[in-house]
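Understanding the architecture of this molecule
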Amino acid sequence: MSRRKVARSEILLTELDRGLDRRGYAFCRYADDCTIYVGSQAAGERVLAGISQILCERLNETNRALEDLDGWLRRKLRCILWSQRTRPYTRARNLMKAGLREARAFCSAFNQRGPWWNSGASQMDAAFPKVFFDPENLTAKARRRKDRKGNNRLIVLDHSPCGSR
């Protein structure tokens, strides 16, 4: 199971535990199994129907929250990539290495807008698409290196995981 699925299920089941505690049910939950003790079959069916509805709603909310967080993290990483290059010519050269056409790369590099604005712009989405930040792609294309001040920095080795754009 992926880390994202484990985190999502843990968030969801922790909320389930709290809800069952609040309602006063006797229950026992293991990693992927939950037993709820009720007085009758009718009560069990009511509890099952209520929990199923709550879990489906919470799952949708959790998915939306994680997707929003995932998008924000990708934008923050693009912001860091933009900020690592301080000179516009270097930014343009790196955007061209990432697959942008020369005119678009230079227009983007010299637009005089801040790193956060540029990290959400279409040129950064084209140069560093969603697949670029997948864990298997990111770790394969990056290494750590000390900069001039002796700080560890993440250095991207290959900017174009998806072919030319």
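Thresholds, definitions, all that
Position labels on residues start from 1 in each chain and follow its written sequence. Only residues with pLDDT of at least 70 are given local features in this predicted model, and only at 80 or more are side-chain atom pairs given and counted; all residues enter the totals for whole chains, interfaces and linings. Side-chain metrics rest on all non-hydrogen atoms present in the structure, leaving aside hydrogens and water. Under this scheme, a helix contributes an axis fitted over its contacting stretch, all axes are lines through C-alpha atoms, and angles between N-to-C directions fall in the 0 to 180 degree range. Only DSSP runs of H or I reaching four residues or more are called helices, and only runs of E reaching two or more are called strands; each is numbered from the N terminus. Helix crossings are classified by the rotation of the near helix relative to the far one: an anticlockwise turn of less than a right angle makes the crossing left-handed, while a clockwise turn makes it right-handed. Any two residues having at least one pair of non-hydrogen atoms within 4.5 Å are treated as being in contact. For this classification, Asp, Glu, Lys and Arg are treated as charged, while Ala, Val, Leu, Ile, Met, Phe, Trp, Tyr, Cys and Pro are nonpolar and the rest, including Gly, are polar. A simple rule labels every residue: compare its accessible area, found with a 1.4 Å probe on the protein chains alone, to the largest value its type can have, and call it buried under 20%, exposed over 50%, or partly exposed in between.

1. Regarding the packing of helix H3 (residues 88-97) against helix H4 (residues 102-109)
- The contact between H3 and H4 brings their axes to 8 Å, and the two run at 145°. In terms of crossing hand, the pair formed by H3 and H4 is right-handed. Here Pro88, Tyr89, Arg91, Ala92, Leu95 and Met96 of H3 lie close against H4, whose contacting residues are Glu102, Ala105, Phe106, Ser108 and Ala109.
- When grouped by side-chain class, the residues that make up the contact of H3 with H4 number eight nonpolar, one polar and two charged.

2. Some remarks on the environment of Ala31
- If you trace the backbone, Ala31 turns up in the loop between strand S1 (26-29) and strand S2 (34-37).
- Exposure remark for Ala31: the relative accessible area of 68% places this residue in the exposed category.
- Separated by 22 residues in the primary sequence, Ala31 and Ser9 have C-alpha atoms spaced 9.4 Å apart.

3. Brief notes about H3
- Within the sequence span of H3, burial applies to Thr90, Arg91, Ala92, Asn94 and Leu95.
- Of the residues trailing H3, Gly99 is marked for its positive phi of about 115°.

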